[in-house]
Structure formats: C-alpha cells, structure tokens
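# Coordinate analysis (summary)
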Amino acid sequence: MISTELKSHFLRLYQMAFSDDNFDVLEMKMLYHFAEERGVTKAELDAILLNPSHNSMVPDSTEEKLSYLYDLALMIWADHKVEPDELTTLKKYCLKFGFLEDNIEALTAFLLEKAKENLPKQELMNLIQE
Amino acid sequence: MSPLKNIFTVKNETLVEEKPVAVEDTTKVKLTFFESGYGSSKQAEGNHRVFRTCLEEVYMDYKGKCRENDQLQKELKAPYLDEKGRQETELKKRKTALSLLEENITSIEEKIRSFKNDMVEVKRNPEVYGLEVDKRPKAQFYIGLFVLLPITLYLLVFYISASYSAFFKNFDSDKLGEAIFDAEAFSKALADGWLEAVFVATIPFAFMGLGYLIHMFQKQKGVLSYVKIFMLFAITFIFDAILAYLIEQKLYDFYKTPDSPAFDLSIAFSSVEFWGIIFAGFIVYIIWGLVFDFIMKEYENFDLIKSFIRSKRQEIKNKELELLKIEEKLPPIKEEISGFEGKILDLQRTIDGFVFSNKHYLTYHAEYVKGWFLAIADNFDAIKRREELYKSCEEQEKLHLVKYNIDNEDYEGRLYKLVN
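Just so you know, these numbers come straight off a predicted model, no measurement behind them. (Residues numbered from 1 in each chain as written. Chains lettered and ligands numbered in written order. Predicted model: local features only at pLDDT ≥ 70, side-chain atom pairs only at ≥ 80, totals over all residues.)

### A few points about the overall build of chain A
For chain A, the helix and strand inventory stands at seven helices and zero strands. The N-to-C order of helical and strand elements in chain A reads α-α-α-α-α-α-α. The buried share of chain A, reckoned over its 130 residues, is 32%. Across chain A, contacts joining residues at least 24 apart in sequence account for 68% of those joining residues at least 6 apart. (Helix = DSSP H or I, 4+ residues; strand = E, 2+ residues; numbered from the N terminus. Buried ≥ 20, exposed ≤ 12 C-beta atoms within 10 Å, placed from the backbone. Contact = placed C-beta atoms within 7 Å.)

### Focus on the overall build of chain B
Scanning chain B for helices and strands turns up 12 helices and two strands. Starting at the N terminus, the α and β elements of chain B follow one another as α-α-α-α-α-α-α-α-α-α-β-α-α-β. Within chain B, buried positions represent 21% of all 420 residues. Looking at chain B alone, contacts between residues at least 24 apart form 82% of all its contacts between residues at least 6 apart.

### Remarks on the nonpolar core
Of all hydrophobic cores here, the largest spans 39 residues; its most connected members are A:Leu69, A:Leu72 and A:Ala73. The dominant element in this core, judged by the number of residues it contributes, is helix α4 (residues 62-77) of chain A, at eight residues. Excluding its chain neighbours within four sequence positions, the residues that come into contact with A:Ala73 are A:Leu90, A:Leu111, A:Leu112 and A:Ala115. Of all hydrophobic cores here, the second largest spans 23 residues; its members include B:Cys54, B:Leu55, B:Val58 and B:Leu389. (Core = buried A, V, L, I, M, F, W, Y, C linked by C-beta atoms within 7 Å.)

### Here we look at the interface of chain A and chain B
Across the contact, 21 residues belong to chain A and 18 residues belong to chain B. When contributions to the side of chain A that touches chain B are tallied by element, the ones reaching two or more residues are α2 (25-37), α3 (42-50), α4 and α6 (104-116) of chain A. At four residues, the largest contribution of residues to the side of chain A that touches chain B is made by α2(A). Residue composition of the side of chain A that touches chain B, by class: 15 nonpolar, five polar and one charged. (Nonpolar A, V, L, I, M, F, W, Y, C, P; charged D, E, K, R; others polar.)

### Let's talk about the UniProt feature "coiled-coil region" (unreviewed entry) in chain B
Per the UniProt record, the feature "coiled-coil region" (unreviewed entry) sits at residues 91-125 of chain B. From the first C-alpha to the last, residues 91-125 of chain B spans 49 Å; its make-up is 97% helix and 0% strand. (UniProt positions renumbered as here; feature names shortened; annotations may be inferred.)

### Comments concerning the packing of helix α4 (residues 70-124) of chain B against helix α10 (residues 272-352) of chain B
Residue and element names in this part refer to chain B. One way to put it is that α4 packs onto α10 with a least axis distance of 7 Å and a crossing angle of 160 degrees. Here α10 runs roughly antiparallel to α4, going by the angle between their axes. Classified by chirality, the crossing of α10 by α4 is left-handed. Here the contact of α4 with α10 is composed, by residue class, of 25 nonpolar, four polar and 22 charged. (Axes fitted to C-alpha atoms, helices over the stretch in contact; angles between N-to-C directions. Parallel < 35°, antiparallel > 145°, perpendicular 65-115°, else oblique. Left-handed = near helix turned anticlockwise from the far one by under 90°.)

### Details of the UniProt feature "transmembrane region" (unreviewed entry) in chain B
Residues and elements named next belong to chain B. The positions that UniProt labels "transmembrane region" (unreviewed entry) are, in the present scheme, residues 141-162, 194-214, 226-247 and 267-291. As a span, residues 141-162 carries 100% helix and 0% strand, and end to end its C-alpha atoms are 31 Å apart. Taken as a whole, residues 226-247 contains 100% helix and 0% strand, while its terminal C-alpha atoms sit 32 Å from one another.

### Remarks on unusual backbone geometry
Residues and elements named next belong to chain A. One non-glycine residue, Asn-118, lies in positive phi territory at about 60 degrees. Tracing the chain through its elements places Asn-118 in the loop between α6 and α7 (121-129). Judged by the 8 C-beta atoms lying within 10 Å of it, Asn-118 is exposed.

### Digging into helix α7 (residues 194-219) of chain B
Taking 1.5 Å of rise per residue, 26 residues should cover 38 Å, and α7(B) covers 38 Å from first to last C-alpha, within 8% of that figure. Its maximal kink placed at B:Thr202, α7(B) deviates by approximately 25 degrees, while the proline B:Pro204 follows within four residues. (Expected span 1.5 Å × (residues − 1). Bend = angle between axes of the 7 residues up to and from the residue.)

### A word on the confidence of the model for chain A
Within chain A, residue pLDDT values average 88, and 98% of them lie at 70 or more. The spread of mean pLDDT over the elements of chain A runs between α7(A), the lowest at 84, and α6(A), the highest at 92. (pLDDT = per-residue confidence, 0-100.)

### A closer look at the environment of B:Arg313
All names here are of chain B. Looking at the secondary structure, you find Arg-313 in helix α10. For Arg-313, a count of 13 C-beta atoms within 10 Å translates into the label partly exposed. Taking the C-alpha atoms as reference points, Arg-313 and Lys-116, 197 residues apart in sequence, are found 8.0 Å from one another.

### Things to note about the packing of helix α6 (residues 185-192) of chain B against α7(B)
All names here are of chain B. Direction vectors running N to C along α6 and α7 enclose 145 degrees, while the axes themselves pass 5 Å from each other. Contacts between α6 and α7 involve Ala-185, Phe-186, Ala-189, Leu-190 and Asp-192 on the former and, on the latter, Trp-194, Glu-196, Ala-197, Val-200 and Ala-201. A breakdown of the residues in the contact of α6 with α7 according to their chemical character gives eight nonpolar, no polar and two charged.

Structure follows, in structure tokens:
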C-alpha cells in the first residue's frame, strides 16, 4: 500500500517534471498512469494538470533529495517489477537533483535494491550517513 | 570517502560569480549628456528646431546603445524569460491532459466497437461469452408451447367439471354417466348463480398456480426448496383426493341400499372411479407442470442472449455518455493550449528583439535637456528672448516624449519585438 507521504512526494516530483525540458509529454503521460495504478487519485493528478504551477523547487539537502528519490523507487517496486521507462525516469530525477552523471547508474541501482528490500527510510538514511 | 558515500555526491552548484561587466559609470554618462546638451544649445543658440533634431539624435543614439548592451538586455529580459518558462510548463501540462483525454476517447471507442461486435457474435457463438444456450431453443420452446396449450385447456375443463360435481352437483338417475365429467358443468354453475360459476372457473388456476410455484422453487438450490416442492405435490394430491372422495361419496350415496355400510375412506380407496378421478387430474397436472417447467427453461435460454444484448446495449449507452463528457472537456483545453502557444510566441518575439528602457532613457534625456536650457540661460541676457526659447523648446520636448510614448512615467520599458 502506498502511503500518503509517498503520494505527496510523488505529486511534487510530478509537478517538478513539468518545468523540466528533459521530460516530454509522453513521459508525463506515462508517469500519470504510473501514479494512477499506484493509488494516486485522478483528482489529485488532474489538479496538477489543470491548475497553474506552484513553485516546486528541487529539495536543498542531499538527505531530502534522497528521501524523494527513495520514495519514487518504492513506488516503482510497488508492482514488483521495474520497467525500463521507470528506470529512465528515476535516472532523470537523479540528474535533476544534481547528482553526478557518472554515479547515476550506481545510485539508481542502490535505491532500487534498497526499495526492493523495503528498507525503512530511517535505516536508509543511517546507511547514507555511515 | 567511502564508495557508497561517493555516489551521493551532488554537483557543485555554486554558480560562478559573473564578473561584473564594466558598467558605464552612470554619473559619467549623465555628465556627457549634460555637456552635449549644453554644447549643442550654445552652438545652435537655443533654436527649438535644432533642439528637436538633437533630441531625435539622442534618442536614436541611446536606442542603439541599449540594443548593444547585452548585460542590460539580459536584466530587462529576465522577467520575460521567466514568464516564458511558466507558460511552457502550463503548455506541457495541458498537452499532457489533452493527450490523456484523447487516449481515453480512443479506448472508449474501442470498447464500444467491441461491445457492438459482441452483440453480433453472441448469436453465433454464445458459449464464447459464457452462455450455455441450446442451439435451437426456439423450436423446442414452440413445440413445448404447442403441447402445453391443449393440456391447459384439458385441466381447465377437467377441474371445472370435477369441482362442480364435487361441490354443487345433485346426482339424479338420468345423468349418472356424467358423474365424473359433466359437459355442461360451467353453464349449470352459471345458472345456479355467478358466484358458483366464478368458483368452478377459478379452481383450475389454483392448480396452475401450484405448478408455477413448483417451477420457481426448482430454480432455487437447496434442501428447503425440495421440501417445498414435495409439500406442494402433497397438497395438490390431497386436494385432488378430496375432490375424488366427494364425487365418489355422492355416487355411493346414490347407489347405496339400506344395508350398505356408511361411506368411508376404505370404500373410497377400493373404488375404481376414485382412482380414475385422481389420475385424470393429478397425473395430467404433473405433466402440465413438467411441460411448463421445460418451456420456461427454453424461454430463459433464448432470453439469455436477449438479456446479454440488452446489457451490452446499456453498456454502449453508458460508454457513449462517458465519451460525450470527455469530448466536452476537449475544447477548453485546446483553447488554453493555443492561448499558451500564442503567449509563448509573443514572449519569444520579445526575447529575440530588444527591450528599450524608458526609465534609463529619461534619466539621460533629462540631463541633455538640462544642459540645453542652462546654455540658454547662460547665453541670453534678454529675459523675453530667453522665455520665448524656453517655451518653444519645452513644446518640442513634450512633442518628442509624446511621439515616442514615453511621456507616461508609469511606463517601464518599451518592447521591440522581432518581426519576421
């Protein structure tokens, strides 16, 4: 079951992608269906599509950035499989959040691996700070 | 740094401080404009015609400098660039919404097509749709109906006659042959009174009602429904037996001699007529019930296809309504999209063109005018001549400001858009 925090993180990420040239309309459509299948309501998604944007800035701290990305990874694993489109999206968000391009593969692999294990976020944060 | 920690490294976002571009010293520029105004005024002796040409020249000169000043253009264009970004975000959102709606429409149209296809196909291959239907339900239904109608007629006649004989008939010697079946039962009952006629005419329907109940109970699964069916058969049998007993008793009473024993059940059971009445009624009643049950099942069989088609038709109707609702959402979104595209194009033209800053220009313009007027004050002692020059030059200045639409102080900047 997708928690409210996960959903709200996703909605913010979704909002962010609209102002990013790296995400095209087809990708935004894919993300819409992705969220819909995971329990984000049509009303919540349509509110983003049909209302003027609020400023959705990229989170400042690395911890917060990783928290968002980890939530996305958890949502990706919600259907017990990772589609290539979903992996691409996660990578794009990593880039958008300013992580080094050379580390993107390793970072996405790490996040997805931990999401697959369903590691609690706090433990993930501890792991990062070790 | 551990390899794990290494992957969390974020790009160094500290923006390279843009080197301050050598911005012209405003005071120096202002002074240059002042001096230029003063010098030109002195040379032209404050002539208002020359003043007009000079102002034109200053304006054109500043316009050229403004266009070439990249730093200033960047600053002036920043709000337009931000606005363009916002409009592009909104445009992408609406395009996504439009695309989702169009996708939805395609899928609904596909469903409607598939429902229509199902409506045609179900008649050919009902089993594909999970309907266990006999291939020729209609023929069997009509054969059953053909058999049921005469049996119903028989039951009507038999029970009218039997109930009349049992409850109302007076046996006399001439009509003993009609003890069980009386061809004139209904007309006789009618002659005796309309209530009697209604009684004998409706009794057969009570039997048919029992037959109908048996069919309905058969539909329900479970022991209880079987118990109910058994009870219904038992009640019908008992009722038939009562009719037969009453008729048989009347016959017995007619034939009895003074030493005959009183009529009782054992006498009734040993009588052929008693059993004849029961079988002529009860067995035919069972046959009626079975045929009725059979044709009802056949009817439901071809009703299954009909109800399948009916439900598909309803689903199509619902989908068409859904489609209509979605299609209603399209025009406003399309309108918004063209609105955003128009705004973006307009903003792009501004960005590709250049922004003329009225505010900046007016600062330098004022300096120039100040220089010009001061030269008049320095070079003309005659107050009248001085006033004349001031007046005519002020008029020229006003005309110049109006001409370039910069007489309004609220006006921040003039946009020179790129025109293809």
